[in-house]
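One letter stands for each residue in the lines below.
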Amino acid sequence: MGTVKGFAMLKIGSVGWIEKDEKELTPLGPRDAYCRPVVVAPCTSDLHTVYEGGIGERHNMFLGHESVAEIIEVGKDVKDFKVGDIVIVPAITPDWGSTNAQRGFAQHSGKLLSDALGGWKFSNFKDGVFASKFHVNDVDSNVAKLPEGVDMEEAVILTDMVTTGFHCAENAEIKHGESVAVVGLGPVGLMALAGANLMGASHIYAVDAVDDRYDIAHKYYGATHYVNFKKAPFEEQIIELTKGVGVDKVLIAGGDLTTIGSACKCMKNGGIVSNVNYLGKGDFITIPRLAWNVGMGHKTIKGGLTPGGRYRMEALASLLQTKKLDVKPLMTNRLNGFSEIETALAIMKDKPKGLIKPTVKITW
């Protein structure tokens, strides 16, 4: 067996390039595959994991959970994929036979309370995709072939940014004509906004402090109002803009431990706060008693990890194929070369002006 090179979390606060013996990878099961990435993208979640210790200490774990890849080996029982196929590998790869999958929560694979987030394997409790070779479980159910006419660099945006953003909108159960606030206009927030627009939201209040991001949200994804949280608390501005009525739903893709409470302040009774923001530090979420109408306001708070799997990737890819969704405005920093993974993550950490999402194309 040879070695696998990858960009890893060495410990909390530290990253670097390392090599591992191939035998350290997850063994190839009969329904599994080994892949090598052809496009990857870093995620803010990687930063929370490394620099905030959001999921606890990890040592020498390859980072990354967003990739389009080439299959280089398959298990004997794999039916639909072969060596050489280019596939979209979602960030969430559930165990589809698990009890939680049968309950309808495959992203929380397993059956115990401790199995929560169990579908999020890459760069959580399993080596991620920032490596020359990585393992995918249950490949027939967890990857999708790259469709004809879909650019592989655009497809990598589906693996987390689009699916997570859309899940945020889905969890809010948006109905035609409802008013929606979207907090945070990073790539996930922009896709949450796009999802809300596709679901029929009317007035969409885009909350951020970077004017250029609102320009993208308005031009491409349906935002109707800009709320700059640096000028005043966003909930106060939304209350003023809606003449005291508030919004039907609030989608949260950024913020801190107080953001859900702020959302409750500007949301109608009977509304839904849908959070997909990775809260990487702190102990308690604060929800003001009165904002929750002393516990009786019929205000629902949901936090969700995006579903994974083949079907969802195929469905989202069809939106690119039919031009119903354009993700190119998110792709602000396109890099080339395996070694540029380090640069891409540093860009995410440093947040230069104009950044939304870096991608890295790899030629082997």
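Presented here is a report on the structure given in the accompanying data block.

Thresholds applied
Along each chain, the written sequence defines residue order, and numbers are assigned to residues from 1. pLDDT decides what is reported in this predicted model: residues at 70 or higher carry local features, side-chain atom pairs at 80 or more are listed and counted, and totals for whole chains, interfaces and linings draw on all residues regardless. Working from all heavy atoms in the structure, the side-chain values ignore hydrogens and water. Secondary structure elements are taken from DSSP: a helix is a run of H or I of four residues or more, a strand is a run of E of two residues or more, and numbering for both begins at the N terminus. In this treatment the radius of gyration is a C-alpha quantity, and the globule benchmark scales as 2.2 Å times the residue count to the 0.38 power. The classification of residues rests on relative accessible area computed with a 1.4 Å probe and restricted to protein chains. Under 20% of the type maximum is buried, over 50% is exposed, and intermediate values are partly exposed. Whether two residues are in contact is decided by their heavy atoms, any of which lying within 4.5 Å being enough. Every accessible area reported is derived by Shrake-Rupley at a probe size of 1.4 Å, with residue values counting cover from the shown protein chains alone. None of His or the chain ends enter the tally, which takes Lys and Arg as positive and Asp and Glu as negative. Note on charges: their place is set at NZ of Lys, CZ of Arg, CG of Asp or CD of Glu. When DSSP locates at least two bridges between a pair of strands, those strands are taken to pair. Here an axis means a line fitted to C-alpha atoms, over the contact stretch when the element is a helix, while the angle between two N-to-C directions is reported on a 0 to 180 degree scale. Multiply 1.5 Å by the residue count of a helix minus one, and that product is the helix's expected span. In this description, the arc belongs to the directions extending from the helix axis to the C-beta atoms. Every crossover in which the path from the first strand over the helix to the second runs clockwise, viewed with the strands pointing away from the viewer, is termed right-handed. Definition used in this section: a nonpolar core is a set of buried Ala, Val, Leu, Ile, Met, Phe, Trp, Tyr and Cys residues joined via side-chain atoms within 4.5 Å. Each patch is built from salt-bridge-free residues with over 30% relative accessible area, joining like charges within 9 Å and nonpolar side chains (Val, Leu, Ile, Met, Phe, Trp, Tyr) within 5 Å. The salt bridge criterion pairs a side-chain nitrogen of Lys or Arg with a carboxyl oxygen of Asp or Glu, the two atoms within 4 Å.

In this section: the overall build of the protein chain. In terms of regular secondary structure, the protein chain is built from eleven helices and 16 strands. In terms of overall size, the protein chain behaves like a compact globule, its C-alpha atoms giving a radius of gyration of 20 Å where 364 residues would be expected to give roughly 21 Å. For the protein chain, the C-alpha atoms occupy an extent of roughly 65 × 40 × 40 Å along the three principal directions. Going through the 364 residues of the protein chain one by one, you find that 56% of them count as buried. Put simply, 71% of the contacts in the protein chain that link residues at least 6 apart link residues at least 24 apart. Just so you have it, the protein chain exposes about 15,800 Å², and 52% of that area is on carbon and sulfur atoms. Distance between charge centres in the protein chain, computed from 40 positive and 42 negative side chains, equals 3 Å.

What follows covers the sheet that holds strand E10 (residues 204-208). Read from one edge to the other, the open sheet built from six strands follows the order E11-E10-E9-E12-E13-E14, with strand pairing classed as parallel. The open sheet is flanked by strand E11 (225-228) and strand E14 (300-303), the only strands paired with a single partner. Between one strand axis and the next, the sheet turns through 20° on average, direction left out of account. Across four bridges, the pairing between strand E13 (residues 267-275) and E14 is parallel. Bridge pairing in E14 places Asn275 opposite Gly303. Here helix H8 (residues 234-241) sits on the sheet in contact with strand E9 (180-183), E10, E11 and strand E12 (247-252), set at roughly 145° to E11.

Here we come to helix H10 (residues 310-321). Here H10 spans 16 Å end to end across twelve residues, near enough to the 16 Å set by a 1.5 Å rise per residue. Turning to H10, its buried residues number three or more, namely Arg312, Met313, Leu316, Ala317 and Leu320. Along the long axis of H10, the arc covered by the buried residues comes to 130°, so they all point the same way. On its buried face, H10 is in contact with strand E6 (86-89), strand E8 (144-145), helix H4 (152-155) and helix H5 (161-171). At the exit of H10 stands Lys323, carrying a positive phi of roughly 65°.

Where E10 lies against E11, four bridges are found, and the strand directions are parallel. Opposite Tyr205, over in E11, you have His225 as the bridge partner. Taken together, E10, helix H7 (residues 211-221) and E11 form a β-α-β motif whose crossover is right-handed.

As a further point, take unusual backbone geometry. The backbone phi angle of Leu117 is positive, close to 70°, even though this residue is not glycine. By the secondary structure assignment, Leu117 is in the loop between helix H2 (99-102) and strand E7 (134-136). Here the phi dihedral of Lys351 falls at roughly 55°; this positive angle occurs in a residue that is not glycine. One can find Lys351 in the loop between helix H11 (340-350) and strand E16 (357-361).

Moving on to the nonpolar core. In this structure, Val162, Leu190, Met191, Leu193, Tyr221, Leu251 and Leu325 are the most contacted members of the largest nonpolar core, which totals 48 residues. Counting only elements with at least two residues in this core, the list comes to strand E3 (33-40), H5, E9, helix H6 (187-198), E10, H7 and H10. A per-element tally of this core places H6 first, with seven residues. Beyond its immediate stretch of four places on either side in the chain, Leu193 contacts Val182, Leu185, Ile204, Ala206, Ala217, Tyr221, Gly222 and Ala223. In this structure, Ala33, Val78, Phe338 and Leu355 belong to the second largest nonpolar core, which totals 32 residues.

This part is about a nonpolar patch on the surface. A contiguous nonpolar patch, built from Ile285, Ile287, Trp292 and Ile301 and spanning about 310 Å² of accessible area, is present on the exposed surface. As for its position among the elements, Ile287 is in the loop between E13 and E14. Residue Ile287 is classed as partly exposed on the basis of its relative accessible area, which comes to 34%.

Let's shift gears to the sheet that holds strand E4 (residues 61-62). Backbone hydrogen bonds are what pair the strands of a sheet, in a parallel or an antiparallel way. Here three strands make up an open sheet; going across it, the order is E2-E1-E4 and the pairing antiparallel. Of all strands in the sheet, those bounded by a partner on one side alone are strand E2 (14-21) and E4. Here eight bridges tie strand E1 (residues 3-11) to E2, and the two strands are oriented antiparallel to one another. Across the sheet, the residue bridging to Thr3 is Asp21, located in E2.

The subject of this paragraph is the pattern of salt bridges. Scanning all chains against the criterion turns up 17 salt bridges. Among the salt bridges present, the one from Arg36 reaches Glu70, with a minimum N-O distance of 3.2 Å. On the criterion of sequence distance, the pair formed by Arg36 in strand E3 and Glu70 in strand E5 (residues 67-74) is long-range, its members being 34 residues apart. For Lys268, the salt bridge identified is with Asp248, shortest N-O distance 3.1 Å. Remark: Asp248 occurs in strand E12 and Lys268 occurs in strand E13; sequence separation between them is 20 residues. Sharing partners across several salt bridges, the network here consists of Asp80, Arg310 and Glu314.

This part takes up the pairing of E9. Residues Val180 and Val182 line one face of E9 and the alternating positions Ala181 and Val183 line the opposite face, and both faces are buried. For E9 and E10, the ladder comprises four bridges, and the chain directions are parallel. Bridging from a neighbouring strand, Ala181 pairs with Tyr205 of E10. Handedness of the crossover joining E9 and E10 through H6: right-handed.

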